[in-house]
2 protein chains.
Amino acid sequence: MGKKIERLQQMIAKALEKHDADSLVVMSPENVFYTSEIFILSHRWIPQRLVLVVFHQQAPPTHIICNIQEGFVRSEEGWIKDIRVYVEFVTSPIQMLADVLKEKGLANHKVLIEKTHLNTAYYEELCRTLPNCAFEDCTPIMDRIKQQKTDEEVLLLQENARIIERALLETYQVTKPGDSERDVAATAISNLAALGYDTVDILTLCSGKTIFTNTKPGDHRLQEGDMLRIDMIGTRRGYRGDLFRQAVLGEPNPAQFNAYQRYFDALNSILEKTVVGARPCDLYETCKREFKSVQLEMDLPHIGHGIGAGLHEHPSISPLDKKPIIANMVFNIEPIGVDPMVGGFGQELTVHVTEDGPKVLSDYMDISNLYIIGS
Amino acid sequence: MGKKIERLQQMIAKALEKHDADSLVVMSPENVFYTSEIFILSHRWIPQRLVLVVFHQQAPPTHIICNIQEGFVRSEEGWIKDIRVYVEFVTSPIQMLADVLKEKGLANHKVLIEKTHLNTAYYEELCRTLPNCAFEDCTPIMDRIKQQKTDEEVLLLQENARIIERALLETYQVTKPGDSERDVAATAISNLAALGYDTVDILTLCSGKTIFTNTKPGDHRLQEGDMLRIDMIGTRRGYRGDLFRQAVLGEPNPAQFNAYQRYFDALNSILEKTVVGARPCDLYETCKREFKSVQLEMDLPHIGHGIGAGLHEHPSISPLDKKPIIANMVFNIEPIGVDPMVGGFGQELTVHVTEDGPKVLSDYMDISNLYIIGS
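Counting from 1, residues in each chain are numbered in the order their sequence is written. A letter from A marks each chain and a number from 1 marks each ligand, given out in the order of writing. For this predicted model, a pLDDT threshold of at least 70 governs which residues receive local features, and a threshold of 80 or more governs which side-chain atom pairs are given and counted, while totals over whole chains, interfaces and linings are taken from all residues. Working from all heavy atoms in the structure, the side-chain values ignore hydrogens and water.

1. Re the overall build of chain A
Helix and strand counts for chain A come out as 10 helices and 17 strands. Here the globule rule reads 2.2 Å times residues to the power 0.38, and the radius of gyration is calculated from C-alpha atoms. Relative to the compact-globule value of 21 Å for 375 residues, chain A shows a C-alpha radius of gyration of 23 Å, a close match. Dimensions of chain A along its principal axes, counting C-alpha atoms only, are 70 × 40 × 35 Å. Only protein chains enter the accessibility calculation, which uses a 1.4 Å probe; a residue whose area is less than 20% of its type maximum is buried, one above 50% is exposed, and one in between is partly exposed. When each of the 375 residues of chain A is scored for burial, the buried share is 64%. Working note: accessible area of chain A is about 14100 Å², and carbon and sulfur atoms make up 51% of it. Only four residue types enter the charge count: Lys and Arg as positive, Asp and Glu as negative, with His and the chain ends excluded. A single reference atom marks each charge: NZ on Lys, CZ on Arg, CG on Asp, CD on Glu. Within chain A, one finds 39 positive and 52 negative side-chain charges whose respective centroids are separated by 3 Å. Starting at the N terminus, helices and strands are each numbered in turn, a helix being any DSSP run of H or I of at least four residues and a strand any DSSP run of E of at least two. The accessible surface values rely on the Shrake-Rupley method and a 1.4 Å probe; as for residues, cover is taken only from the protein chains in view.

2. Digging into the relation of the copies chain B and chain A
Superposing copies: least-squares fit, C-alpha atoms only, residues required to have pLDDT of at least 70 in both. Each copy of the sequence occupies a distinct position, and chain B is placed on chain A by a rotation of 180° and an axial shift of 0.0 Å, giving an RMSD of 0.0 Å. Both chain copies can therefore be described as sitting about a two-fold axis. Comparing interface residues between copies, 100% of those in chain B also lie at the interface in chain A; the contact surface is shared. In what follows, residue pairs with any heavy atoms lying within 4.5 Å of each other are defined as contacts.

3. So, the pairing of strand S4 (residues 82–86) of chain A
Residue and element names in this part refer to chain A. Between any two strands, pairing holds if DSSP finds at least two bridges. Where strand S3 (residues 62–66) meets S4, 5 bridges bridge the pair, whose relative direction is parallel. Note that in S4 the partner of Cys66 across the bridge is Tyr86. Call a crossover right-handed when, viewed with both strands pointing away from you, the route from the first strand across the helix to the second goes clockwise. For the handedness criterion, the β-α-β arrangement of S3, helix H3 (residues 67–76) and S4 is classed as right-handed.

4. Considering the nonpolar core
Here, nonpolar core refers to any group of buried Ala, Val, Leu, Ile, Met, Phe, Trp, Tyr and Cys residues whose side-chain atoms link them within 4.5 Å. Ranked by internal contacts, the top residues of the largest apolar core, which has 82 residues, are Leu24(A), Met142(A), Leu24(B) and Met142(B). The residues contacting Met142(A), other than those within four sequence positions of it, are Leu8(A), Ile12(A), Leu24(A), Val26(A), Asn31(A), Tyr34(A) and Thr35(A).

5. Thoughts on helix H4 (residues 93–103) of chain B
Residue and element names in this part refer to chain B. Of the positions making up H4, those classed as buried are Pro93, Ile94, Met96, Leu97, Ala98, Val100 and Leu101. In this structure, the buried residues of H4 make contact with strand S1 (23–26), strand S2 (52–56), strand S3 (62–66), strand S4 (82–86), strand S5 (110–113) and helix H5 (120–129). Throughout this description, a polar contact denotes any pair of N or O atoms lying within 3.5 Å of each other; where both atoms belong to protein, one of them has to be capable of donating a hydrogen while the other can accept it, and for residues adjacent in sequence the pair is counted only when both atoms sit in side chains. The N-cap of H4, judged by a side-chain oxygen 3.0 Å from the amide nitrogen of Ile94 a few residues on, is Ser92. Taken from the residues just after H4, Gly105 is the one with a positive phi, measuring 90°.

6. A short note on the packing of aromatic side chains
Aromatic ring pairs are reported here in terms of the distance separating the ring centres and the angle at which the planes meet. Think of it this way: a Phe, Tyr or Trp ring, Trp meaning its six-membered ring, pairs with another when their centres are within 6.5 Å, and the plane angle makes it stacked under 30 degrees, edge-to-face over 60, tilted otherwise. Scanning the model with the defined rule gives 19 aromatic pairs over all chains in all. Each ring, one from Tyr123(A) and one from Phe135(A), has its centre 6.0 Å from the other, and the planes form 75°; the classification is edge-to-face. Taken together, the positions of Tyr123(A) in helix H5 (residues 120–129) and Phe135(A) in strand S6 (residues 134–137) put the pair 12 residues apart, joining distant regions of the chain. Across the pair, Phe135(A) and Tyr123(A) agree in class, each one buried. Measuring from centroid to centroid gives 6.2 Å for Tyr260(A) and Phe345(A), while their planes differ by 55°, and the two rings are tilted. Note that Tyr260(A) is positioned in helix H9 (residues 254–272) and Phe345(A) in strand S14 (residues 343–346), a separation of 85 residues in sequence. In terms of burial, Tyr260(A) and Phe345(A) fall into one category: buried. Here the aromatic cluster, defined as three or more aromatic residues joined through ring pairs, consists of Tyr260(A), Tyr263(A), Phe264(A), Phe291(A) and Phe345(A). Over the ring of Tyr34(B) we find Lys4(B), and its NZ or CZ is 4.2 Å from the ring centre. Placement of a charge over a ring requires the Lys NZ or Arg CZ to be within 6 Å of the ring centre, with the centre-to-atom vector within 35 degrees of the ring normal.

7. With respect to the packing of H4(B) against H5(B)
All names here are of chain B. Between N-to-C directions, angles span 0 to 180 degrees; the directions come from axes that are lines fitted to C-alpha atoms, helices contributing only their stretch in contact. Orientation of H4 relative to H5, taken along the N-to-C sense of each, is 40°, at an axis distance of 10 Å. It follows that H4 is oblique to H5 by the angle criterion. Handedness of the H4/H5 crossing: right-handed. Along the contact surface, H4 presents Pro93, Ile94, Gln95, Leu97 and Ala98, while H5 presents Tyr122, Glu125, Leu126 and Thr129. Convention used here: angles under 35 degrees read as roughly parallel, angles over 145 as roughly antiparallel, angles from 65 to 115 as roughly perpendicular, and any remaining angle as oblique. Less than a right angle of anticlockwise turn of the near helix away from the far helix marks a crossing as left-handed, whereas a clockwise turn marks it as right-handed.

8. Here we look at the confidence of the model for chain A
Put simply, chain A has an average pLDDT of 95, and 99% of its residues get 70 or more. Our summary of model confidence lists the complex with pTM equal to 0.93 and ipTM equal to 0.92. The predictor reports its confidence for every residue as pLDDT, a score running from 0 up to 100.

9. A look at the environment of Leu249(A)
Residue and element names in this part refer to chain A. Here Leu249 lies in strand S9 (residues 239–249). What makes Leu249 buried here is its relative accessible area of 2%. Between the C-alpha atoms of Leu249 and Lys176, which are 73 residues apart in sequence, the distance is 7.5 Å. When sequence neighbours within four positions are dropped, the list of residues in contact with Leu249 reads Lys176, Pro177, Leu222, Gln223, Glu224, Gly225, Asp226 and Ile373.

Written out as structure tokens, the structure reads:
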């Protein structure tokens, strides 16, 4: 991804100049992977073991890692050549960061750092170690850089989306009445792993009237007439995939059939408006309006989110995000519409916004009709 | 787990009294699950969407959640009945926390909060919102509470350990020369999911001389004579499992056979010393000494860690941890010894320290000999 890194370096250099800062420091798993292109599997899971990438105004960037990761990181031969290694429980990673910042000169005494990730204990240590530095949040800068995807990133996100759909489709194909929610979940996770995902991060499953979101698979055994919605999130080659698909056990009854068609029409109306220049907050309002017009309720605080190395990137398809959509954003649209009598309906789309309009990357499964389990 | 919660409440009440504080606030996925007993799958993955549990000196605890989680959390019918719901992108979770703290009275103006998790941006918002409060870190308090496990927790950790071993054993049973590292990893992940894990959090795999740690599966195709070590970490019922197992493709050569026997003897010597009253730092030194005496190199910064709802809990089997081991700690011992000519050898044990000595919970797979793939 040479083009991505070239653009990244240019944009960070501009940001440092604009903010009159010496350095920019990232430390979240998403941003460390995005900038270094090296995915450290344990990064998220052992948060005290910091991994940092430091960009300087006048020097090439520095990668600060723990000695446990050294063999792997060096074998990856990443583009960042200045690698500094601290020994866990011996040297504090914050002390090492301070040393690197001092070494590179702190002319302006201003450092842009990920305040939405750096924890308070480490921040207090950093302030004690560098009492004359000013620290400002670099999260908005990184969000802005990451929100536009390169061709390679779009391709990877498309592959990731299609693989989740395939894993779900192959799960629904073998699901039958009497299976427990847990059984079905295990099949879906196995499928995703077998199809090439490196980790399976979240699976939520809702059955019956599928009104709730964020629910865990339980002991309920599926019955004819139940609806089923599985949401799977995983990581492949450092990038996320995140999709849910709606299904029904056996032929849908007329009310289910009708509600799904209304849902699908509303979803398409939102999709049509997903174009360069539209504002995410307006898409959110469109969703509310369209759902109302087809007699579906909607009370989610957002109906979508950018996706990339991070799970919830910019833009946020919510009332809060008022910045117009630009070309080469990739984001998920995931409204859930509830008919109080029939149930909740939802499909998640991964959409690449191009100058020529929205392109649905998640196109492996035909969702124009409600998928019928057992058909 | 009624007993666990009863003990938790007593210990938090004591801590509040000792520190002369009004409230204790946890927000990390591990501590929110540990205290509330409700596992919110997306908690770790959407870190800006705070979930908090607040303990008060004079009132029952409060659970602060996002409205997206409300349906699920209420359906779980947890023991914390005071549930407060904020609407994402509308109400700040920090504002809601401040409101709850104010409502309960802030007589002492001191709040114990997880500074090793709370991010700097939220902390700055909290300080602005409650300018007269003092915030102290509650991480050591929570670490101390969690490090001793109840019988139910020990049982769950044993199940989790045995399931990982079984998933790895069943992977090694079907592995053959010519398989790529990626193929083998996919099988292991599928097995773990099929055997009941809710998520598969990390898989690292090392083949050949298996010297490195924290390496990702790659394109290398396994050959007769290669060694193989897979480390799998996942979550089941809110608790972690984390184990690696060492294997070799085909009959080990005499040098491999010999080095493994030396490794295994050293491992047993460490295990024998894993008793109530021993200090983790001394176990670490024992490991270094034992490995030296059998001509194996060891340069890891730690050789083990507590395990529970969190992946790396207390104690840390490292030079830093000088507090004696107490009964009912459960931790992993995972030294890797390297013979520079032959390769790296490692097995990970989950150990329950009882008054009668160490009990190895991870006992599904016989590790007294190096597992031979293809035997």
